[in-house]
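Structural features, examined
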Amino acid sequence: MTDATGEEPLVRVRGVKKSYRSGGGRLEVLRGVDFDLEPGGFVAIIGQSGSGKSTLLHLMGLLDAPDAGEVWLAGRRVDDLPGSQRDRLRNTAIGMVFQAYHLLPELTALENVLAPLYVRHSLREWLTAGGAARARARGLLERFGLGGRLHHKPRQLSGGEMQRVAIARALVAGPQLLLADEPTGNLDEESGAGILEALSELNRRDGLSIVLVTHDTAIARRADRIVRLAAGRVEAV
Ligand code: ADP
Ligand code: MG
């Protein structure tokens, strides 16, 4: 599927519906969402709390499947893939960052960044390729100003530092797409600005495609394009 410019979108969401069981009935959160992200694009999705932003991001991140509609990634339909293929794709093509960082408290910054690779490889692969992976993880942390924090545990880091570790972790497998769910939501303004600057630079300099979810329109303005989720649908802003 290509658009009018002939360029295939990296992410294409078509007619997606999602509801949750709620009491005796169902809560219809997404009621037919259409959304495209062009390769190398940086789009912000805004919407009130409870409008379904995280639900939509989770569908794009293959963490959940829609009730109806389709999700395409790089020209391939992905919402109907079997679980194992979906997991593999999620672990290689997509990086995710969340408001609450979700770092493992017992691991150092460097180990947290390496964790997605650890779980994916056999011991044999790890023994041969582990050195390169460690170098890549260290390089990412250095790029984000954390060269002096490699062996710190999350509790020894500030919020902004923890989120930068989480971004490095999201990028260690070299994904094309970064999905960020309110990544500055727990941060003070200055730390949040640092995170947004890092995302901007990843988009501009590395061509990383980014979907940024936020309820804050000032933050959304950092993206190239803004869409709003309201009444279960995506509309242009
Ligand atoms: P947002 O991220 O925009 O704040 P969410 O996508 O998290 O919104 O949630 C949209 C609505 O769906 C909310 O009313 C929320 O309570 C509900 N919801 C989200 N996840 C679940 C779930 N797993 N089970 C039941 N209801 C859910
Ligand atoms: Mg949310």
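What counts as what
Residues numbered from 1 in each chain as written. Chains lettered and ligands numbered in written order. Predicted model: local features only at pLDDT ≥ 70, side-chain atom pairs only at ≥ 80, totals over all residues. Heavy atoms only, no water. Salt bridge = Lys/Arg side-chain N within 4 Å of Asp/Glu carboxyl O. Helix = DSSP H or I, 4+ residues; strand = E, 2+ residues; numbered from the N terminus. Buried < 20%, exposed > 50% of the residue type's maximum accessible area, 1.4 Å probe, protein only. Pairing = 2+ DSSP bridges. Core = buried A, V, L, I, M, F, W, Y, C linked by side-chain atoms within 4.5 Å. Contact = heavy atoms within 4.5 Å. Axes fitted to C-alpha atoms, helices over the stretch in contact; angles between N-to-C directions. Domains from an automatic or database assignment. Buried area = accessible area lost by both parts, 1.4 Å probe. Polar contact = N/O pair within 3.5 Å; in protein donor to acceptor, adjacent residues only side chain to side chain. Nonpolar A, V, L, I, M, F, W, Y, C, P; charged D, E, K, R; others polar.

Evaluation of the coordinates by the stated rule reveals 17 salt bridges. Notably, a salt bridge pairs Glu201 with Arg143, separated by 3.0 Å at the nearest N-O pair. Residue Glu201 is located in helix H6 (residues 189-206), and its partner Arg143 is located in helix H4 (residues 123-143); the two are separated by 58 residues in the primary sequence. Arg143 sits in the partly exposed class, given a relative accessible area of 29%. For Glu197, the salt bridge identified is with Arg204, shortest N-O distance 3.2 Å.

Summarising the sheet, strand E1 (residues 11-22) and strand E2 (residues 25-37) pair through 10 bridges and their orientation is antiparallel. Within E2, the residue paired with Lys17 across the bridge is Arg31. The hairpin turn running from E1 into E2, its antiparallel successor, is 2 residues long, and Gly23 in that turn takes a positive phi close to 60°.

What follows covers the nonpolar core. Taken as a class, soluble globular proteins show a tendency for nonpolar side chains to be buried jointly. Formed by 42 residues in total, the largest nonpolar core has its most connected members in Leu141, Phe144, Val165, Ile167, Leu171, Leu178 and Leu199. At the level of secondary structure, the elements contributing two or more residues to this core comprise strand E3 (42-46), helix H3 (109-120), H4, helix H5 (159-171), strand E7 (177-181), H6, strand E8 (209-213) and helix H7 (217-220). Looking at this core element by element, the count peaks at 7 residues for H5. Among all residues touching Leu171, those that are not within four sequence positions of it are Arg136, Leu140, Phe144, Leu178, Leu202 and Leu208. Residues Val33, Leu37, Leu59 and Ile94 belong to the second largest nonpolar core, which totals 30 residues.

A word on the sheet that holds strand E6 (residues 94-98). The 6 strands are arranged E6-E7-E8-E3-E9-E10 in an open sheet whose pairing can be described as mixed. Two strands bound the open sheet, and with one partner strand each, they are E6 and strand E10 (233-236). Neighbour-to-neighbour, the strand axes of this sheet turn through a mean angle of 20°, independent of strand direction. As paired elements, E6 and E7 share 5 bridges and run parallel to each other. In the strand pairing of E7, Met96 is matched with Leu179. The strands touched by helix H2 (residues 83-93) within the sheet are E6 and E7, with E6 carrying the most contacts at an inclination of about 75°. The strands touched by H5 within the sheet are E6 and E7, with E6 carrying the most contacts at an inclination of about 165°.

Let us look at the sheet that holds strand E4 (residues 68-73). What the 4 strands build is an open sheet, ordered E2-E1-E4-E5; its pairing is antiparallel. If you trace the sheet from one side to the other, it starts and ends with E2 and strand E5 (76-77), each paired once. Summarising the sheet, E4 and E5 pair through 2 bridges and their orientation is antiparallel. Counted as the bridge partner of Trp72 is Arg77 from E5.

Another point: the domain arrangement of the protein. In terms of domain boundaries, the protein breaks down into domain 1 (1-93 + 175-237) and domain 2 (103-173). On a C-alpha basis, the centroid separation for the pair domain 1 and domain 2 is 24 Å. Each partner contributes residues to the interface: domain 1 has 15 residues there, and domain 2 has 11 residues. Summing both sides of the interface, domain 1 and domain 2 together bury roughly 1,100 Å²; the carbon and sulfur share of this comes to 68%. Taken as a group, Pro175, Ile195 and Leu202 account for 37% of the area that domain 1 buries against domain 2, more than any other trio of residues on that side. Along the contact surface separating domain 1 from domain 2 lie 2 salt bridges. At the boundary of domain 1 with domain 2, the tally comes to 3 residue pairs in polar contact (both at pLDDT 80 or more). Mapped onto the side of domain 1 that touches domain 2, the elements with two or more residues apiece are H2 and H6. Tallying contributions element by element places H6 first for the side of domain 1 that touches domain 2, with 8 residues. Grouping the amino acids of the side of domain 1 that touches domain 2 by side-chain chemistry returns 9 nonpolar, 3 polar and 3 charged.

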